[in-house]
Amino acid sequence: MAENNMKEADAPVKKNFIDLQIDKDLTEGKNDSRVHTRFPPEPNGYLHIGHAKSICLNFGTAQKYGGKTNLRFDDTNPSKEETEYVDSIMADVRWLGFDWEDRLFYASDYFDQLYEFALKLIEDGKAYVDDQSSEKISEQKGTPTRAGIESPFRNRTVEENKDLFVRMKAGEFDEGARVLRAKIDMASPNMHMRDPIIYRIMKAPHHRTGDKWCIYPMYDFAHGQSDYWEGITHSICTLEFEVHRPLYDWFVDQLQETDYRPRQIEFARLNLSYTVMSKRKLLELVKDKHVNGWDDPRMPTISGLRRRGYSPESIRNFAERIGITKVDGMIDVTLLEHSVKEHLNKTAQRVMGVLGPLKVVITNYPDEQEEELDAVNNPEDESMGKRKVPFSKVLYIEKEDFMEDPPRKFFRLGPGREVRLRYAYFITCNDVIKDENGEIIELHCTYDPASKRGQLARWKKSKSYLALGFCPTRR
RNA sequence: UGACCCGUGGUGUAAUUGGCAACACAACUGAUUUUGGUUCAGUAGAGUCCAGGUUCGAGCCCUGGCGGGUCAACCA
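Everything in this summary refers to the structure shown in the same document. Sequence order as written defines the numbering, with residues in each chain counted from 1. Each chain gets a letter, beginning with A, and each ligand a number, beginning with 1, in the order they are written. With the structure being a predicted model, the display of local features is reserved for residues of pLDDT at least 70 and the display and counting of side-chain atom pairs for 80 or more, all residues being used for whole-chain, interface and lining totals. Processing note: side-chain calculations cover all non-hydrogen atoms of the structure and skip hydrogens and water entirely.

### A short note on the pairing of strand E8 (residues 234–238)
Then step 1. Three labels apply to residues, based on accessible area from a 1.4 Å probe with only protein chains included: buried if under 20% of the type maximum, exposed if over 50%, partly exposed otherwise in between. Secondary structure elements follow DSSP: runs of H or I of four or more residues count as helices, runs of E of two or more count as strands, with numbering from the N terminus. Of all five residues in E8, five are buried, a share of seventy percent or more.
Then step 2. Burial of the side chains of E8 extends over both faces: His234, Ile236 and Thr238 are buried on one face and Ser235 and Cys237 on the other.
Then step 3. Bridge count between E8 and strand E9 (residues 263–267): five bridges; the pairing is parallel. Bridge pairing in E9 links Ser235 to Gln264.
Then step 4. Orient the strands so they point away from the viewer, and a crossover whose first-strand-to-second-strand path over the helix runs clockwise is right-handed. Between E8 and its parallel partner E9, the chain crosses via helix H9 (residues 245–255), and the hand of that crossover is right-handed. The rule for pairing is simple: two strands pair if DSSP sees at least two bridges between them.

Shown next as structure tokens:
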């Protein structure tokens, strides 16, 4: 144990660009030199391997700096969110090996404070209620190259705005009838600064607050405040939020004390070759029953990978290997696969199995005899011990391990060939028995008693032949 | 035609912050092997998007291009 700790302490810590930023913040004494991150999933689906990268990054970064990490559900859109997702997310994060301790939060915890802040924005003349349709608002937004125009409702009085917003909350208006917008700059070169919507009417029950609310805050409004209230120092998110950062900062600056500031840092999300990572598409696969649920082994979800046999440490190693940058690239799946192979090779128990059985009769083996052979559980790790494998006259090999007319590079059994059965004897195939359709149903072989494992007499016939796995029949 | 971001072998990440480009995956040889696994030895592959500039010296700094990404949801 102590040795392990020493080892880890001595290992050079590989720094990514986020670490370097944190180093800088720390030397400047920012935020009392605290490091506090958060993993903020929206509970609208199961976590996938891309989230694993973010989880390892957020928890890993805090660990490196002796800081803390919160788990926060970003549940500001009740139409997509469910408790089932909340539960699966917590299970997956734990399975990956991370612990948020007592710091479990929900954006919905802040709905009251967020509402008060919206009111404050209105009172400060920095937010207004817009009565226009979403089409109209979007039309007035302009384009990236053309400035937007101001809403006719932009200059309502504080009193009127307040009255309308309170009534929005009271449920007096239909969904889509009105929104609350921040009053910033319709001509900003950054589209997100063109009077972004901060509250909308949604008459949908929320998975936690039920029907208490019929107005819900937008991500841009809620996220920075949630970070602030939780004392987050480094708010790590993916690249597409880069252009949101000025807005993130704007809201915090308008609404919070200046005692400290969370810093948003963006990194490139994971792209894996041959792998669908879009939550929308994964949801479609589940909903349309192309797969048997979110944890189908064919899914790139954490629960799918788990069922597939991936270990948490292999996923963590993978996350470590791929690194953290802002380069939007494409990682080869073989790297993920290599990570499991590496771990499983050291830890997995080996057994023999036959999927497509082909009967083998050892003609010169005594009818009633059965012996037990020693098989190692893991050649990489002797401490995993041995097991007994029964051997008798009739047994089964894999269909694919036999070819009647083997090509040059086929190293398994064929007519007249001699190969070893793993942990057992050399057998020679003498006869191929077929049914009336010409299908091979049975092989008649003879074994060489002198070739038993451990007896040096027949150590090896030919290095080009493989040892075949087999399944016994017990009498 | 706007704002912001990115550009190092096939892929991903490094490069003591200005000192002759390293590691991993993938590929290919060969050896070993009672898992076509593992392990071991080795090979090939970029001169760092381009062009200038500063410097004794540039992947790292400056300027200008080129290429790619993101942004116009009452999603996050």
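### With respect to the pattern of salt bridges
Then step 1. For salt bridges, the criterion is a side-chain nitrogen of Lys or Arg within 4 Å of an Asp or Glu carboxyl oxygen. With the rule as written, the count across this model stands at 37 salt bridges.
Then step 2. In this structure, Glu150 engages Arg154 in a salt bridge whose closest nitrogen and oxygen atoms are separated by 3.4 Å.
Then step 3. Here Glu150 falls in the partly exposed class, since its relative accessible area comes to 46%.
Then step 4. Using a relative accessible area of 8% as the deciding quantity, one classes Arg154 as buried.
Then step 5. Overlapping salt bridges bring together Lys24, Asp25, Glu28, Lys30 and Arg263 as one network.

### Re the packing of aromatic side chains
Then step 1. By convention, a stacked pair of Phe, Tyr or Trp rings (six-membered ring in the case of Trp) has centres within 6.5 Å and planes under 30 degrees apart, an edge-to-face pair has planes over 60 apart, and any other such pair is tilted. In total, this model carries 22 aromatic pairs according to the counting rule given.
Then step 2. The rings of Phe111, Tyr115, Phe165, Tyr199, Trp213, Tyr216, Phe221, Trp250 and Phe251 are connected pair by pair, giving a single aromatic cluster.
Then step 3. The ring of Phe117 carries Lys120 above its face, with NZ or CZ at 5.6 Å from the centroid.
Then step 4. For a Lys NZ or an Arg CZ to count as sitting over a ring, it must be within 6 Å of the ring centre and within 35 degrees of the ring normal. We note Lys169 situated over the ring of Tyr115; from NZ or CZ to the ring centre the distance is 4.8 Å.

### So, empty space enclosed by the protein
Then step 1. Each cavity reported here is a set of points on a 1 Å grid over the protein atoms alone in which a 1.4 Å probe fits but cannot get out, each pocket an open set with protein on both sides within 12 Å along at least five of seven lines, and each lining residue one with an atom within 4 Å of a point. Grid points are joined across faces, edges and corners, and a volume is the space filled by probe spheres set on the points. Inspection of every chain in the model, using the stated rule, returns one cavity of 30 Å³ or more.
Then step 2. Surrounding the largest cavity, Tyr219, Asp220, His223, Gly224, His244, Tyr248 and Gln264 form its lining.
Then step 3. It is helix H8 (residues 219–230) that provides the largest number of residues to the lining of the largest cavity, a total of four residues.
Then step 4. For the lining of the largest cavity, the per-class residue count stands at two nonpolar, four polar and one charged. Think of it as three bins: nonpolar holds Ala, Val, Leu, Ile, Met, Phe, Trp, Tyr, Cys and Pro, charged holds Asp, Glu, Lys and Arg, and polar takes everything else, Gly as well.

### Observations concerning the sheet that holds strand E1 (residues 36–39)
Sheet strands line up and pair through hydrogen bonds in the backbone, either parallel or antiparallel.
Then step 1. If you walk across this open sheet you meet the three strands as E1-E2-E3, and the pairing is parallel. Looking at which strands have only one partner, the edges of the open sheet turn out to be E1 and strand E3 (104–106). Across the sheet, the mean angle separating the axes of adjacent strands is 35° when strand polarity is ignored.
Then step 2. When E1 meets strand E2 (residues 68–73), the two strands line up parallel, connected through four bridges. Looking across to E2, one finds that His36 is bridged to Lys68.
Then step 3. Helix H3 (residues 49–64) contacts E1 and E2 of the sheet and is inclined by roughly 160° relative to E1.
Then step 4. By definition, residues are in contact when any of their heavy atoms lie within 4.5 Å. Every angle, taken between N-to-C directions, lies between 0 and 180 degrees, and every axis is a line fitted to C-alpha atoms, over only the stretch in contact when it is a helix. Contacting E1, E2 and E3, helix H4 (residues 83–95) crosses the sheet at an angle of about 160° to E2.

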